Amino acid sequence: MLYFSRLKAAIVIGACLLGLLLCVPNFIAAPLKGLPWPQIHLGLDLRGGSFLLMQVDMNAVAKEKLGSTLDEVRQDFRKASIGYTRLASDATTNQVQIQLLDANQRAAAITALGDMLNPPNGPGSLADFTAGGDGTNLILTLSPPAMQARAKAALTQSIEIIRRRIDSTGIVDPQIAQQGNNRIMVQLPGITDPQHVKKLLGETAHMTFHLVDESVNANSGQQPPPGDAFLPMQDNPSQKIAIQQSVMVDGADLTNAQAGQDPQTGGWVVNITFDSLGSRQFADVTSANVGHPFAIVLDNQVISDPVIREAITGGRAQISGSANAQAATDLALLLRAGALPAPLTVVEEQSVGPELGADAIRAGAISLGVGFVLVIFFMAAFYGLFGWFANIALIANLIMMMGVLSLLGATLTLPGMAGILLTLGMAVDANILINERVREEVRNGRTPLQALEAGYKRAYGTIIDSNVTALLAHVMLFIFGAGPVRGFAVTITVGIVTTLFTATVFARLLTSRWYVYRRPAALPV
Amino acid sequence: MRFFYKPLFRLVPDGTRIHFMRGRYAGLIVSAVLSLASLGLFFYPGMRLGIDFKGGVVMEARTPTPPSFPAIRAALAAHDLPDAGLQALGAKNEVMIRLESRANAEATDAAVARVHAALDQVAPGNQVLSTSAVGASVSAQLFHQGLMALGLSLLMILIYIWFRFEWQFAVGAVVTLILDITKTIGFLVITRLQFDLVMVAAILTILGYSTNDKVVVYDRMRENLRKYKTMPLRELIDMSINETLNRTLGTSMTVFLAALPLALFGGSSIQDFAIAMLFGIVVGTSSSIFIAAPILLFLGEKRLRRDTRPAKPESAKKVQARL
């Protein structure tokens, strides 16, 4: 038990040094760019900043899908010359309801809708809809697995777009992560007033270009004719514009957007550049509609409705109507980053000013330090030399814990630090168990060597049992807990594992070296 | 040198023979009464739920001069926030303002803006140190997840101890843990400490500590069950507790000493956590002796010794020799 081969001793010391090495990135800056430099992140309570928990509106994802399906059905039926009297979507049941003119056309209608009802990638993949109803009544139901896949994709895409939006604001070291099935957590260190960021993230920023239907008056209070929509102007919501619902060009087809000033009017504009597909579509529509107005629509509001003076073939356009430089810059940023697949709402928000951070760090650091020193003194007084061995192991434990947490890129909050301290307080339990055992063996009349051997050996089973039980409890917490509780569980789990190493193996190595060197006649217990 | 080399003191003398099991009824009754009372307190007046579980807005502000609560309250009411609650923080010119949960994010933003306006009116030059807002849907979910994590942790502990020991040990441990947790909740109600996610973490740390403590005592009982085949369970339990007494008290001392400075001057965010921990350490340590052990005695008095025939003297000697 006490014997360590040179190799084994070297491995033990090596593991401790590795822990120390892993701590280094926390104290010095990365010497080379691109070198992995994992660090412990300080929680917002320690350095100030904002935390936002945003929820993706999954109902809107379904609604959007149903809405676009209506368009597709309309087109498919037109192509296949299938008559229908009613076509409507129901968001509560996730259904599209169709009333056909002729029950005999039912089979033809289902064939016409092929893409929606058949798995897109052959058998095994998921179709978006299942067909139901009978006779002239055709009901398309959005299938739950397809809906889940869509929701998942929406969440991933939202995270990506949030990341792009935040990155372009220049916020340093943001953390963006998925939480649960429909939430996204955003941490913004140093940002103590998150209002502007919230506004940026809250915009869906879905931009589309539509032709204006000049034959109807949108402000007459009538219902829009089929295929049209009455949308309000952004700067004057009471004034409405009649647009044709089919999308002329989508904002997703642009490659760049930059804020600028119009040299003639001096007003703020956003200059956009389309990709090749967008350029072609834009050129086609503008050359066919010279002299007519078109509408630029952002999130169901019309930003502007300029008249097309000539065909625009270069793939460049200008969006006027921004109130000031900030508004133009924000719009350009949103267009560059892309549209969110669904609206986001803030469900939880926290911001901590830097003053609180400084105070909290001071009070926390002092009490943590005092707690640590108290544990060290208690162990030294209670166990003498073996207590000091336990203390050295405890410091090695702290270093290894920090090393592993750095490697994991864990976030350390003040309660997390308290958790670490308490873990260390419990970590010495292993040494206490060993020392008590050794003492018992000495009292039973064993020689120092036998007592050490037996003490370590017997305490082992107890140490393993007690730590594995605690470990299991914390793994459960990690799997099922949320947010801060999870971080806490990680910290303690790491602590238990490093404790098993330092308290049993490392402290044993110290004891064995001491014994070999001193050959004491009696143990100091 | 002596401080460096030899132990200075023992918490209890070696070789104590305290008859803990004589107090088994007293221990169980006191524990049952306390836990039942805690359960009652849980329903009335109930825990002071923190923002994590209740939803709402909490803001902490520092004012240039010590704040006048009635003035702030009046200003908040004038800004259409009659439901705002005020609380003093650790420092004397700091104040905490809490609002009930709002219907949606816009309403929350508007309410926060009104608090800013009210503060600027009463205490110009104030600084808002922190703002937190939690929606009601999130808080309900966090609460359920917390409970679920707690329940599954207990289940894992039950299964592991059952697997490594006997079912009597597992049931004893888990029942004791549940009693510990209920008492901690009662303590939170009485002290009006806020129950939030950090407190959940504290309860789980207590759970971990308490489990650890029980397993160590059980481990010694299991060992002694093998070693002394004929000793009555009651004596055996008493002996095991006495043998592990220094370790039980030593470990609780180290954890207690680590938590004490945090509870005394750790600052508002970890003080509550540490106070709950201190209580948990005392409860967790005493329950290992006065609750977990008696439960094991009642459950195991017949069964744990069922298969064992009186051991012959030489076999006992053999056991000794092998050790």
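Residues numbered from 1 in each chain as written. Chains lettered and ligands numbered in written order. Predicted model: local features only at pLDDT ≥ 70, side-chain atom pairs only at ≥ 80, totals over all residues.

## Description of the overall build of chain A
- Each helix and strand counted, chain A has 14 helices and 19 strands in total.
- For 525 residues, the compact-globule estimate of 2.2 N^0.38 gives 24 Å, and the C-alpha radius of gyration of chain A, at 34 Å, exceeds that figure by more than 25%.
- By principal-axis analysis of the C-alpha atoms, chain A measures approximately 110 × 60 × 40 Å.
- Across the 525 residues that make up chain A, the buried fraction comes to 42%.
- For chain A, the share of sequence-separated contacts (at least 6 apart) that also reach a separation of at least 24 residues comes to 69%. (Helix = DSSP H or I, 4+ residues; strand = E, 2+ residues; numbered from the N terminus. Rg over C-alpha atoms; globule rule 2.2 N^0.38 Å. Buried ≥ 20, exposed ≤ 12 C-beta atoms within 10 Å, placed from the backbone. Contact = placed C-beta atoms within 7 Å.)

## A short note on the overall build of chain B
- Each helix and strand in chain B was counted, giving 12 helices and 6 strands.
- On C-alpha atoms alone, chain B measures out to a radius of gyration of 26 Å, which is more than a quarter above the 20 Å that the 2.2 N^0.38 rule sets for 323 residues.
- If you line up chain B on its principal axes, its C-alpha atoms span 90 × 50 × 30 Å.
- Counting across all 323 residues of chain B, residues that qualify as buried make up 48%.

## Some points on the domain arrangement of chain B
- Per the domain assignment, the segments making up chain B are domain 1 (19–49 + 139–308) and domain 2 (56–134).
- Each of domain 1 of chain B and domain 2 of chain B has a C-alpha centre, and these two points are 40 Å apart. (Domains from an automatic or database assignment.)

## Re the interface of chain A and chain B
- The partner chain B presents 69 residues to the 69 residues of chain A that form the contact.
- Secondary-structure elements contributing two or more residues to the side of chain A that touches chain B are β18 (344–352), α10 (354–383), α11 (385–408), α12 (414–443), α13 (448–480) and α14 (483–518) of chain A.
- In terms of residue count, α10(A) provides more of the side of chain A that touches chain B than any other element does, 18 residues in total.
- By residue class, the composition of the side of chain A that touches chain B is 43 nonpolar, 17 polar and 9 charged.
- Pairing of β18(A) with strand β5 (residues 127–134) of chain B, which is carried by 5 bridges, proceeds in the antiparallel orientation. Within the sheet, the bridge partner assigned to Gln350(A) lies in β5(B) and is Ser132(B). (Nonpolar A, V, L, I, M, F, W, Y, C, P; charged D, E, K, R; others polar. Pairing = 2+ DSSP bridges.)

## Observations regarding the domain arrangement of chain A
- Here the domain parsing of chain A yields domain 1 (6–45 + 357–518), domain 2 (63–146) and domain 3 (203–349).
- Relative placement of domain 1 of chain A and domain 3 of chain A: their C-alpha centres are 60 Å apart.

## A word on the nonpolar core
- By size, the foremost hydrophobic cluster in this structure holds 236 residues, and its most contacted members are Leu335(A), Met199(B) and Ala259(B).
- When neighbours within four sequence positions are excluded, Ala259(B) is seen to be in contact with Gly371(A), Leu422(A), Ala274(B), Met277(B), Leu278(B) and Ile281(B). (Core = buried A, V, L, I, M, F, W, Y, C linked by C-beta atoms within 7 Å.)

## Topic: unusual backbone geometry
- Between Tyr44(B) and the following residue, Pro45(B), the backbone shows a cis peptide bond with an omega angle of 5°.
- In this fold, Pro45(B) is placed in the loop between α2 (24–43) and β1 (48–49).
- The backbone phi angle of Asn94(A) is positive, close to 55°, even though this residue is not glycine.
- Residues other than glycine seldom take positive phi values, yet Ala205(A) does so here, at roughly 60°.

## Focus: the environment of Val255(B)
Residue and element names in this part refer to chain B.
- Within the secondary structure layout, Val255 lies in helix α10 (residues 245–265).
- On the neighbour-count criterion, Val255 (31 C-beta atoms within 10 Å) is buried.
- Sequence spacing of Val255 and Tyr209 is 46 residues, and the spatial spacing of their C-alpha atoms is 8.9 Å.

## Description of the pairing of strand β2 (residues 49–56) of chain A
All names here are of chain A.
- Of all 8 residues that make up β2, 8 are buried, and the element is covered over most of its length.
- Covered by surrounding structure in β2 are Gly49, Phe51, Leu53 and Gln55 together with Ser50, Leu52, Met54 and Val56, the residues of both alternating faces.
- Pairing geometry for β2 and strand β8 (residues 183–189), over 7 bridges, is antiparallel. Across the sheet, residue Leu53 finds its bridge partner in β8, namely Met185.
- Both β2 and β18 contribute to a ladder of 8 bridges, which runs antiparallel. Paired with Ser50 across the strands is Ser351, a residue of β18.

## Some points on the sheet that holds strand β12 (residues 249–250) of chain A
Residues and elements named next belong to chain A.
- Ordered by their spatial adjacency, 4 strands build an open sheet running β12-β9-β15-β16, and the pairing between neighbours is antiparallel. Edge strands, defined here as strands with exactly one partner in the open sheet, are β12 and β16 (301–304).
- For strand β15 (residues 294–298) and β16, the ladder comprises 3 bridges, and the chain directions are antiparallel. Note on β16: the bridge partner recorded for Leu298 is Gln301.

## Things to note about the sheet that holds strand β3 (residues 84–90) of chain A
Residues and elements named next belong to chain A.
- Spatially, 4 strands are ordered β3-β4-β6-β5 in an open sheet, and the strand pairing comes out antiparallel. Single-partner strands in this sheet number two, and they are β3 and β5 (129–132). Across the sheet, the axes of successive neighbouring strands diverge by a mean angle of 15°, strand direction being ignored.
- Note: strand β4 (residues 95–100) against strand β6 (residues 137–142), 5 bridges, orientation antiparallel. By the bridge assignment, Gln95 is partnered in β6 with Thr141.
- Contacts between helix α3 (residues 58–79) and the sheet are confined to β3, β4 and β6, with β3 contributing the most and set at about 165° to the helix. (Axes fitted to C-alpha atoms, helices over the stretch in contact; angles between N-to-C directions.)

## Description of the packing of helix α6 (residues 136–164) of chain B against helix α8 (residues 197–227) of chain B
Residue and element names in this part refer to chain B.
- Contact geometry of α6 with α8 gives a least axis separation of 11 Å together with a crossing angle of 5°. Comparing their axes, α8 and α6 come out roughly parallel. Contacts between α6 and α8 involve Leu142, Gly146, Ser153, Ile157 and Ile161 from the former and Leu197, Val200, Leu207, Thr211 and Val215 from the latter.
- Of the residues assigned to the contact of α6 with α8, the class counts are 7 nonpolar, 3 polar and no charged. (Parallel < 35°, antiparallel > 145°, perpendicular 65-115°, else oblique.)

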